[in-house]
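# Structural overview for review
The residues making up each chain are set out below.
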Amino acid sequence: MKRIVRTLAGLAMACTLSAATSFAQADANQALKAEVNAFMDLYWQLWSAGDLDQLVAKIYHPFGQLSNQGHASIDRMKTSFPTTRKTLLGGGYGRSNMPTRNICILAPNVAVVSGRGIRYLSNGNVMGEFGWTYTLLKGPAGWKMVSIYTHNPKTALTCSS
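Source: prediction; values computed, not measured.

## As for the confidence of the model for the chain
Here the chain averages 89 in pLDDT, while 83% of its residues score no lower than 70. The model gives residues 14-22 a pLDDT under 50, and that stretch makes zero contacts with residues more than four places away or in other chains.

Next up, the structure:
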């Protein structure tokens, strides 16, 4: 009988520790998701303003960025950004945002953000809708963007937790 009681007590303790660990992990993931959300909001603010210097300083990873076109170094991004910006502004561009986003925390230093992004005209009308998926790494300087992929807005990634 004592053995059964000890076994049940051990199982109860294991369940309690497991539940406590799960709650702590969920809290940590929520905190990381809040950080990633703030980072992405800053990204869209800086991108919309055309502030390349701040994008390089606060957003982009020093190695550059991967995209549907392959790898672009920071120098290449600095060279192509003015032309991209001029084309967008010439079409009436106002700002970009991703109102529908899925944030997946893969590890404490790795996140994927995927969803439906919208580019707006300066008059507030929709310029275009896109699927965007970003990969972020967190290091000593905080979160940095290492990739952006454009895709159908209906095929955004989701995560199970």
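## Quick word on the pairing of strand β4 (residues 110-121)
Burial analysis of β4 places 10 of its 12 residues in the buried class, the great majority of the element. Pairing of strand β3 (residues 93-107) with β4, which is carried by 11 bridges, proceeds in the antiparallel orientation. Among the inter-strand pairings, Ser 96 is bridged to a residue of β4, identified as Arg 119. Once β3 ends, the chain turns through two residues before running back antiparallel as β4. The pairing of β4 with strand β5 (residues 126-139) spans 11 bridges and is antiparallel. In the strand pairing of β5, Ile 118 is matched with Glu 129.

## As for the packing of aromatic side chains
All told, the structure shown has five aromatic pairs when counted by the stated rule. Aromatic pair Tyr 43 and Tyr 134: ring centres 5.5 Å apart, planes at 70 degrees, arrangement edge-to-face. Of this pair, Tyr 43 sits in helix α1 (residues 2-49) while Tyr 134 sits in strand β5, and the two are 91 residues apart along the sequence. Note on Tyr 43: relative accessible area 5%, which makes it buried. Centroid distance Phe 130 to Trp 132: 5.5 Å. Interplanar angle 5 degrees. Geometry classified as stacked. Accessibility expressed as a relative area gives 25% for Phe 130, which makes it partly exposed.

## Observations concerning the nonpolar core
If you look at the biggest cluster of nonpolar residues, it comprises 29 residues, and the most contacted ones within it are Val 36, Met 40, Tyr 43, Tyr 60, Tyr 134, Leu 136 and Met 145. Of all the secondary structure elements, the ones that give two or more residues to this core are α1, α2 (52-58), α3 (74-90), β3, β4, β5 and β6 (142-151). Counting residues per element, this core draws most heavily on α1, at eight residues. Beyond its immediate chain neighbours, meaning those up to four positions away, Met 145 contacts Phe 39, Met 40, Tyr 43, Ile 59, Tyr 60, His 61, Gly 64, Gln 65, Tyr 134, Thr 135 and Leu 136.

## Structural notes on the side chain of Thr 133
As for its placement among the helices and strands, Thr 133 is situated in strand β5. Once residues lying within four places of it in the same chain are set aside, the contact partners of Thr 133 are Val 112, Val 113, Ser 114, Ser 147, Ile 148, Tyr 149, His 151 and Leu 157.

## Brief notes about the pattern of salt bridges
The tally for this structure, following the rule as stated, stands at three salt bridges. Note that Lys 138 and Glu 35 form a salt bridge whose closest N and O atoms lie 2.8 Å from each other. Within this pair, whereas Lys 138 is found in strand β5, its partner Glu 35 is found in helix α1, the two being separated by 103 residues in sequence. The class of Glu 35 is partly exposed, set by a relative accessible area of 32%. Glu 129 is the partner of Arg 116 in a salt bridge, and the nearest nitrogen-oxygen pair spans 3.2 Å.

About the criteria used
Residues numbered from 1 in each chain as written. Predicted model: local features only at pLDDT ≥ 70, side-chain atom pairs only at ≥ 80, totals over all residues. Heavy atoms only, no water. pLDDT = per-residue confidence, 0-100. Contact = heavy atoms within 4.5 Å. Buried < 20%, exposed > 50% of the residue type's maximum accessible area, 1.4 Å probe, protein only. Helix = DSSP H or I, 4+ residues; strand = E, 2+ residues; numbered from the N terminus. Pairing = 2+ DSSP bridges. Phe/Tyr/Trp six-rings, centres within 6.5 Å; stacked < 30°, edge-to-face > 60°. Core = buried A, V, L, I, M, F, W, Y, C linked by side-chain atoms within 4.5 Å. Salt bridge = Lys/Arg side-chain N within 4 Å of Asp/Glu carboxyl O.

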